[in-house]
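Chain and residue survey
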Amino acid sequence: MKLAMGLSLAIPAFLFAGSIQATEAPVVVTSIKPIHSLVSAIMQGVGKPELIVDGAASPHTYNLKPSNARALQDAKVIFWVGPGLEAFLEKPLESLGSDATVARLDDAPGLVKLPFREGGAFEAHDDGDEHQHTEADHDHDHDHRDHGAFDTHLWLDPMNAKAMATEITTTLVAADPANALTYEANAKALDDKLDTLDKEIAATVSPVKDKPFIVFHDAYQYFEHRYHIRVAGSITVSPETIPGAERVSEIHKKVGDLGATCVFAEPQFEPRLVDVVIEGTKAKSGVLDPEAATLPAGPDLYFTLMRGIADSMKNCLASA
């Protein structure tokens, strides 16, 4: 009798173990924190994606680590924005990620794509020291020309995040149909949360949307476009290029001429430049974190990131 009971328990356990294996999550790798957050939200209850650009690192200056290379080799699905943002990934994806499904999210249907800004405080200048570019700077400029002249900080509009989430869901369902129902249910919940977030941010920034401000680099165009707020310019044209003295002087003058109320730094770049720009003016300084450098990765990061930008703008601009 005891032997029969043991067998009856062992067989279902064996079958159960097999069913778990059949629905095990695929290895999913993501490039940057905002994308990782959206993928994490959709994969909740199935698995956790891996992240390449972690901590306070920036995709603009990132160098691939050996651990990242191994993750790409093992991946079944890889999500990135595209070569205009993560240029460091373009060649590794061709070799290391050749066996994976690679989803380039700047091709997601339904995205709003805005062209790079030119003119005034957003235009590249010809002062001598600013144009002593390194080879990496030339590569970055080359990427802009080759991959389409649009701003790649696409996630800073929640409606673009919704479009990306749809593409992420479609890709995951195709790669892992056994967990399709979970992915689709999570995607629906995420879509509803993004609609709520959009309304919340609009209400947060509405009282200060007409006050001009300066940003460290021109990364916020999608946020500005969505919520009709007023940016007056950026300190540097691209985060790889240290602005020259003439550029800094020009922005300093613009702060005074426009009565810009705030100049925003970013946590991974030199804050001293902001101090120089606002010296002798009435402008205050704040911090914006468009790539979530200071935030812990996870499914809630996207919402913390977007609320943080809205709150920083409101607090600095309202007090100036």
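Look above for the structure.
Criteria and cut-off values
Residues numbered from 1 in each chain as written. Predicted model: local features only at pLDDT ≥ 70, side-chain atom pairs only at ≥ 80, totals over all residues. Heavy atoms only, no water. Helix = DSSP H or I, 4+ residues; strand = E, 2+ residues; numbered from the N terminus. Expected span 1.5 Å × (residues − 1). Buried < 20%, exposed > 50% of the residue type's maximum accessible area, 1.4 Å probe, protein only. Contact = heavy atoms within 4.5 Å. Pairing = 2+ DSSP bridges. Salt bridge = Lys/Arg side-chain N within 4 Å of Asp/Glu carboxyl O. Axes fitted to C-alpha atoms, helices over the stretch in contact; angles between N-to-C directions.

What follows deals with helix α7 (residues 180-205). Compared with an ideal rise of 1.5 Å per residue, which puts 26 residues at 38 Å, α7 spans 37 Å between its outermost C-alpha atoms and is within 8% of the ideal. Every buried residue of α7 is accounted for by Ala-180, Tyr-183, Asn-186, Ala-187, Leu-190, Leu-194, Leu-197, Asp-198, Ile-201, Thr-204 and Val-205. Residues of α7 that are buried make contact with α2 (33-43), α6 (158-175), α8 (221-227) and α11 (301-319).

Residues Cys-262 and Phe-264 of strand β7 (residues 262-265) are buried on one face, and the alternating residues Val-263 and Ala-265, pointing to the opposite face, are buried as well. Here strand β5 (residues 213-217) runs beside β7; their pairing, made up of three bridges, is parallel. Its bridge partner being in β7, Phe-213 is matched across the sheet by Cys-262. Bridge analysis of β7 against strand β8 (residues 284-287) gives four bridges, and the strand direction is parallel. Bridge assignment links Phe-264 to a residue of β8, and that residue is Gly-286.

Attention now goes to the pattern of salt bridges. Under the criterion given, the structure shown has eight salt bridges. A salt bridge links Asp-106 to Arg-104; the nearest nitrogen and oxygen atoms lie 2.6 Å apart. A relative accessible area of 27% places Arg-104 in the partly exposed class. By sharing partners, the salt bridges in this structure join Arg-104, Asp-106 and Asp-107 into a single network.

Quick look at the sheet that holds strand β1 (residues 28-30) now. Working definition: the strands of a sheet are paired by backbone hydrogen bonds and lie parallel or antiparallel to each other. Spatially, β2-β1-β3-β4 is the arrangement adopted by the four strands of the open sheet, whose pairing is parallel. With partners counted over all chains shown, the strands left at the sheet margins are β2 (50-51) and β4 (101-104), one partner each. Pairing geometry for strand β3 (residues 77-80) and β4, over four bridges, is parallel. Within the sheet, the bridge partner assigned to Trp-80 lies in β4 and is Arg-104. Packed on one face of the sheet, α2 meets β1, β2 and β3 and runs near 150° to β1.

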